[in-house]
Amino acid sequence: MKKQYGLLLLVLLVSLTTVLAGCGGSNAGQGSGANAGTNEAGGTEANADGQAGGEAVENAEPFTVSLRHIQIGDAKKFRKAILDDAIAKAEAEVPGLAFELDGVEDEVNRFTKLPAEMAAGNPPKIFDLFGGEGDALKYADAGRLLDLTPILEELGLADKFLNMGQFTLDGKVYGLPIGGSTEGFFYNKKLFAEYGIEVPTSLEELEQAAETLKANGVTPIAMGSQAAWVPLMLANTLIGRYAGPEAINGFRDGSAAWDSPEVVAAFAKYQEWVDNGYFTKGELGVTYDAMLNEFLAGKAGMMFDGSWRASAFTNPDLVKEITSEDVGYFAMPAVPGGKGDQTAVNGNYSNGYGFSSNLNERELAAVKAFIKHLYNDEMQVRGLLEDALLPSMKLSDPAASEIDTKLEDPVVKQIMETMNAAGEAFSHFDSVVQSDVYSETEQQIQRLIAGRATPQEVGDVLQQAQEAANAK
Amino acid sequence: MRSSLRNPYIYTLFVVPTLGLYALFFIYPMLTSVGYGFTDWNGLQDTNFIGFANFERAFADSSFWNAVRNNMIFILFSVCVQVPLIVFFAILISQVRRFQGFYKTTVFVPSILSTAVIGILWGFMYDPEVGIINQFLGLLGVETIYWLADTRWALLAVLMTNAWQWMGFYIVLVLAAILSLPKEINEAASIDGASGFQQAWHITVPLIKPIISVIVMLSIAGAMRVVDIVLVMTNGGPIGATDVMASYMVNRAIRYGDYGYGTALSIMIFAIALLLTALYQLTFGKMRERVEF
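About the criteria used
All residue numbers refer to positions counted from 1 along the written sequence of the respective chain. Lettering for chains starts from A, numbering for ligands starts from 1, and both go in the order in which the items are written. Whole-chain, interface and lining totals are the exception, using all residues; otherwise, since this is a predicted model, local features are given only for residues with pLDDT of at least 70 and side-chain atom pairs are given and counted only at 80 or more. The side-chain figures draw on all heavy atoms in the structure; neither hydrogens nor water molecules are used. Pairing between strands is defined by DSSP: at least two bridges between the two strands are required. Only DSSP runs of H or I reaching four residues or more are called helices, and only runs of E reaching two or more are called strands; each is numbered from the N terminus. Between N-to-C directions, angles cover 0 to 180 degrees, with each direction set by a line fitted to C-alpha atoms, over the stretch in contact for helices. Between two residues, a contact is recorded if the distance between any of their heavy atoms is within 4.5 Å. UniProt positions are given in the numbering used here, feature names are shortened, and annotations may be inferred rather than shown by experiment. Geometry of aromatic contacts follows a simple scheme: Phe, Tyr and Trp rings, the Trp one being its six-membered ring, pair when their centres are within 6.5 Å, and the pair is stacked under 30 degrees between planes, edge-to-face over 60, tilted otherwise. When accessible area is computed with a 1.4 Å probe and restricted to protein chains, residues below 20% of their type maximum are described as buried, those above 50% as exposed, and intermediate ones as partly exposed. Our definition puts a charge over a ring when NZ of Lys or CZ of Arg is within 6 Å of the ring centre and also within 35 degrees of the ring normal. Put simply, a crossing is left-handed when the front helix is turned counterclockwise from the back one by less than a right angle, and right-handed when it is turned clockwise. Each of two parts loses accessible area, computed with a 1.4 Å probe, when they are put together; buried area is these two losses added. Put simply, a salt bridge is a Lys or Arg side-chain nitrogen that is within 4 Å of an Asp or Glu carboxyl oxygen. N or O atoms closer than or at 3.5 Å make up a polar contact, with two conditions inside protein: a donor-capable atom paired with an acceptor-capable one, and, for residues adjacent in sequence, both atoms drawn from side chains. Basically, the charged four are Asp, Glu, Lys and Arg, the nonpolar ten are Ala, Val, Leu, Ile, Met, Phe, Trp, Tyr, Cys and Pro, and anything else, Gly included, counts as polar. For classification purposes, angles smaller than 35 degrees are called roughly parallel, those larger than 145 roughly antiparallel, those between 65 and 115 roughly perpendicular, and all remaining angles oblique. Residues qualify for a patch when their relative accessible area is over 30% and they have no salt bridge, like charges being joined within 9 Å and the nonpolar side chains of Val, Leu, Ile, Met, Phe, Trp and Tyr within 5 Å. Surface accessibility in these figures is a Shrake-Rupley result with a 1.4 Å probe; residues are shielded only by whichever protein chains are displayed. In summary, the charge assignment counts Lys and Arg as positive and Asp and Glu as negative, without counting His or the chain termini. Charge positions are represented by NZ for Lys, CZ for Arg, CG for Asp and CD for Glu.

## Quick look at the sheet that holds strand 8 (residues 219–222) of chain A
Residue and element names in this part refer to chain A.
Here is step 1: Ordered by their spatial adjacency, four strands build an open sheet running 8-9-7-10, and the pairing between neighbours is mixed. Because the sheet does not close on itself, it has two edges, and the strands there are strand 8 and strand 10 (327–330). For this sheet, the mean inter-axis angle between neighbouring strands, taken without regard to orientation, is 25°.
Here is step 2: Relative to strand 10, strand 7 (residues 183–188) runs antiparallel, the two sharing four bridges. Looking at strand 10, one finds that Phe-186 is bridged to Tyr-329.
Here is step 3: Contacts from helix 16 (residues 410–421) reach strand 7 and strand 10 within the one sheet, and its direction differs from that of strand 10 by about 10°.

## Focus on the UniProt feature "transmembrane region" (unreviewed entry) in chain B
Residues and elements named next belong to chain B.
Here is step 1: Under the feature "transmembrane region" (unreviewed entry), the UniProt entry names residues 9–31, 72–93, 105–126, 132–149, 156–180, 200–222, 229–249 and 261–280.
Here is step 2: What you have in residues 72–93 is 100% helix and 0% strand, and the ends, taken at the C-alpha atoms, are 30 Å apart.
Here is step 3: When the span residues 105–126 is considered, its composition is 86% helix and 0% strand, and the gap between its end C-alpha atoms is 25 Å.

## Observations regarding the UniProt feature "domain: ABC transmembrane type-1" (unreviewed entry) in chain B
Here is step 1: Feature annotation in UniProt assigns "domain: ABC transmembrane type-1" (unreviewed entry) to the following positions: residues 68–280 of chain B.
Here is step 2: Spanning residues 68–280 of chain B, this segment combines 76% helix with 0% strand, and its end C-alpha atoms are found 17 Å apart.

## Let's talk about the packing of aromatic side chains
Here is step 1: Throughout the structure, instances matching the rule amount to 35 aromatic pairs over all chains.
Here is step 2: Measuring from centroid to centroid gives 6.1 Å for Phe-52 of chain B and Phe-55 of chain B, while their planes differ by 55°, and the two rings are tilted.
Here is step 3: According to the relative accessible area criterion, Phe-52 of chain B is exposed, its value standing at 55%.
Here is step 4: Ring pairing ties together the aromatic residues Phe-185, Tyr-187, Phe-192, Phe-304 and Phe-330 of chain A, which thus form one cluster.
Here is step 5: We note Lys-77 of chain A situated over the ring of Phe-78 of chain A; from NZ or CZ to the ring centre the distance is 5.9 Å.

## Section: the environment of Asp-170 of chain A
Here is step 1: Within the secondary structure, Asp-170 of chain A is located in the loop between strand 4 (168–169) and strand 5 (172–173).
Here is step 2: A relative accessible area of 73% places Asp-170 of chain A in the exposed class.

## Brief notes about the packing of helix 5 (residues 100–112) of chain B against helix 8 (residues 154–179) of chain B
All names here are of chain B.
Here is step 1: Contact geometry of helix 5 with helix 8 gives a least axis separation of 5 Å together with a crossing angle of 140°. For the pair helix 5 and helix 8, the sense of crossing is left-handed. Residues Gln-100, Lys-104, Val-107, Phe-108, Pro-110 and Ser-111 of helix 5 lie in contact with helix 8, whose contacting residues are Trp-164, Gln-165, Trp-166, Gly-168, Phe-169, Ile-171, Val-172, Leu-175 and Leu-179.

## Some words on the interface of chain B and chain A
Accessible area lost during the coming together of the parts is what is often quoted as the interface size.
Here is step 1: Tallying the contact residues gives 19 residues for chain B and 27 residues for chain A.
Here is step 2: Roughly 2100 Å² is buried in total at the junction of chain B and chain A, and carbon and sulfur atoms are behind 57% of that figure.
Here is step 3: At the surface where chain B touches chain A, the tally comes to two salt bridges.
Here is step 4: One can count four residue pairs in polar contact (both at pLDDT 80 or more) joining chain B with chain A.
Here is step 5: For the side of chain B that touches chain A, the secondary structure elements donating two or more residues are helix 1 (2–6) and helix 13 (245–255) of chain B.
Here is step 6: The leading source of residues in the side of chain B that touches chain A is helix 13 of chain B, at three residues.
Here is step 7: Here the residues of the side of chain B that touches chain A sort into 12 nonpolar, four polar and three charged.

## A short note on the pattern of salt bridges
Residues and elements named next belong to chain A.
Here is step 1: For the structure shown, the criterion picks out 24 salt bridges over all chains.
Here is step 2: Here Asp-85 makes a salt bridge to Arg-382, at a shortest N to O gap of 2.7 Å. One end of the pair, Asp-85, is in helix 3 (residues 77–93); the other, Arg-382, is in helix 14 (residues 377–387), and 297 residues separate them in sequence.
Here is step 3: Note on Asp-85: relative accessible area 32%, which makes it partly exposed.
Here is step 4: Its salt-bridge partner being Lys-125, residue Glu-363 comes within 3.9 Å of it at the nearest N-O pair. Of the two residues, Glu-363 sits in helix 13 (residues 361–374) while Lys-125 sits in the loop between helix 4 (106–120) and strand 3 (126–130), which places them 238 residues apart along the sequence.
Here is step 5: The buried category is assigned to Glu-363, whose relative accessible area is 11%.
Here is step 6: A relative accessible area of 17% places Lys-125 in the buried class.
Here is step 7: A cluster of three or more residues bridged by salt bridges with shared partners is formed by Arg-68, Asp-102, Lys-113 and Glu-117.

## Concerning the packing of helix 14 of chain A against helix 15 (residues 397–406) of chain A
Residues and elements named next belong to chain A.
Here is step 1: One can describe the packing of helix 14 onto helix 15 by two numbers: an axis separation of 10 Å at closest approach and a directional angle of 20°. For the element pair helix 14 / helix 15, the angle class is roughly parallel. The hand of the helix 14/helix 15 crossing is right-handed. On the side of helix 14, the interface is formed by Asp-377, Val-381, Leu-384 and Leu-385, while helix 15 contributes Ala-399, Glu-402, Ile-403 and Lys-406.

## Observations regarding a negative patch on the surface
Here is step 1: Residues Asp-259, Glu-457, Asp-460 and Glu-467 of chain A make up a contiguous surface patch of negative charge.
Here is step 2: Looking at where Glu-467 of chain A falls in the secondary structure, it is placed in helix 18 (residues 455–471).

Dropping the structure here:
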């Protein structure tokens with residue numbers, strides 16, 4: 001009996017000491033690490049700002065601010081470098097601040113991780129955020145996002161952004177677009193020259209080009225539809241052509257209908273191209289990255305994608321058969337019988353950063369420093385020059401002229417020219433329509449591609465979903 | 001000590017903390033989740049009680065029933081294809097005289113790999129252009145099959161991967177049962193002139209019936225809650241061809257922020273699992289009598 005008590009006591013003792021040792025260890029570790037951190041920060045700060053800075057740092061407790069970004073992988077390394085620089089500057093400015101970076105794949109963050117964190121109420125302090133009904137505005141409405149209006153006033157950024165529509169709710173700003181984008185056709189100049197194809201200026205020429213490529217055993221248009229947003233980019237632009245640029249915003253307010261003949265015509269054109277074999281075979285199993293690889297390997301003549309992809313052509317880790325010299329860009333040509341401005345292009349200012357509404361004073365200072373160092377002329381210019389990300393802010397004259405003189409990337413130049421030539425810009429419907437409707441568009445475009453739904457059926461189902469969502 | 005353990009108060013003292021933790025981490029979340037199933041909670045805003053609307057929606061939701069159907073296919077595939085193959089391979093390996101350990105290890109290896117690794121690995125094997133499976137089929141003159149992109153083939157592709165991952169684990173279980181059978185029975189049978197197949201069919205299989213029954217149960221349970229391999233390989237696509245109940249629920253709840261409906265679906269899944277368990281107990285479960293030898 002006694003022996004058993006002894007054993008119990010021993011077990012208790014051992015576990016207790018282990019726990020205590022664990023605590024002690026981690027405490028000690030944290031303490032020393034923190035001290036080192038402060039000293040280091042103090043050093044750099046003192047060097048930069050002289051004695052005043054050094055004094056302020058000495059009494060600054062170190063603290064971390066979590067930051068979620070989506071700049072992972074080779075294709076995004078330029079954007080990551082820009083982010084890193086902005087972070088380093090903000091850390092140098094705020095005593096004791098250390099950002100804790102958390103890189104997550106774009107779609108996982110947008111559709112899985114961030115929604116779950118928002119539901120649980122513990123998002124990172126700073127995170128990558130998309131604008132629009134399904135993302136920023138939904139979270140803002142639930143009080144999860146920091147109202148940035150006073151910060152923008154303080155930093156003098158209030159009227160610097162080109163388009164904040166997708167982040168603005170009731171006149172308050174809840175997120176900042178990091179850049180702009182447009183979508184169109186990238187094409188392989190080598191293949192076009194080889195088969196004597198001219199850059200298409202009409203829909204007929206575009207289809208003729210696709211036929212020629214197909215006849216020569218080349219995939220006309222690289223397409224990776226495993227994730228439905230990829231084919232939806234092209235469907236979106238076709239709707240903009242057939243139903244007019246106004247239709248995109250019209251779904252939400254009821255002035256445009258998914259089952260109208262114009263929108264159905266856009267889906268019908270998409271299906272016609274699928275049936276004609278213009279897209280990558282087995283596209284429903286092809287990822288977005290694989291689509292880029294197919295184009296880079298010279299196996300596809302064209303690729304419908306966003307302007308952000310232009311940086312991939314200058315990335316030595318990615319380019320294979322072709323370099324940026326071999327890539328051209330054109331916007332979707334006018335379609336016969338299309339409504340509205342046929343030169344309009346897709347123009348988006350929807351991806352950027354949002355901030356948790358749950359911040360303490362010091363974290364707020366960190367957020368301010370982060371905004372100050374990421375959203376300025378210098379970073380905007382770098383974004384365009386290094387990463388092909390169109391500016392989301394109005395640039396000062398020197399910055400604009402810097403772009404004029406330094407922009408060498410032929411693809412980005414062409415994208416800029418295409419944008420300047422466009423009469424107007426329309427958004428992505430995914431930033432306009434409600435989540436319910438968007439989820440239905442994802443289902444339906446894949447059904448259309450698989451031949452499981454006719455264009456009219458797609459339009460009917462989407463219109464039902466839209467009416468149900470509008471009635472909520 | 002002995003007397004103190006007979007004292008009900010001491011008992012209670014020991015049991016209460018555990019019960020408390022159990023209530024906190026199992027009972028309470030379960031009850032709240034049942035509660036959310038009757039609301040329109042979107043994960044962000046306040047919840048409204050909407051009665052049975054979520055369940056009515058689930059009964060009318062063809063995508064959900066499509067997922068249920070796929071789960072049933074998973075179960076049928078496990079029981080009708082996997083289990084016989086497992087028994088076959090186990091008997092085969094049990095007959096091997098040399099390098100038996102090597103075979104045992106080889107078939108077991110897939111079950112220690114993580115599902116994510118397996119999903120990606122097989123994704124490469126199924127690649128229509130460079131994948132080894134199509135390369136091989138190409139030699140036989142079969143046209144390119146878009147395994148994971150074709151609604152006709154995607155589910156089969158996932159089923160095969162899933163089977164490959166788990167069969168080794170079960171083979172080792174059955175093998176252990178076979179090897180523990182007394183040698184004398186088979187020796188007597190071979191003296192009487194029974195062929196290898198006759199021995200396997202009339203002696204080995206009946207004697208390992210209990211373990212087969214356990215494997216059937218484990219396969220059904222596994223097929224009911226399968227989700228990781230689907231999420232890694234296809235995420236339910238193309239257009240729901242490989243969606244199972246759990247993946248559909250996860251996507252509904254988290255991706256589209258439909259937490260109320262998602263919880264209602266999870267209650268439905270629970271009900272379906274309960275129903276299947278009852279069915280199993282009435283059929284296969286009776287087979288689990290002890291075999292004496």
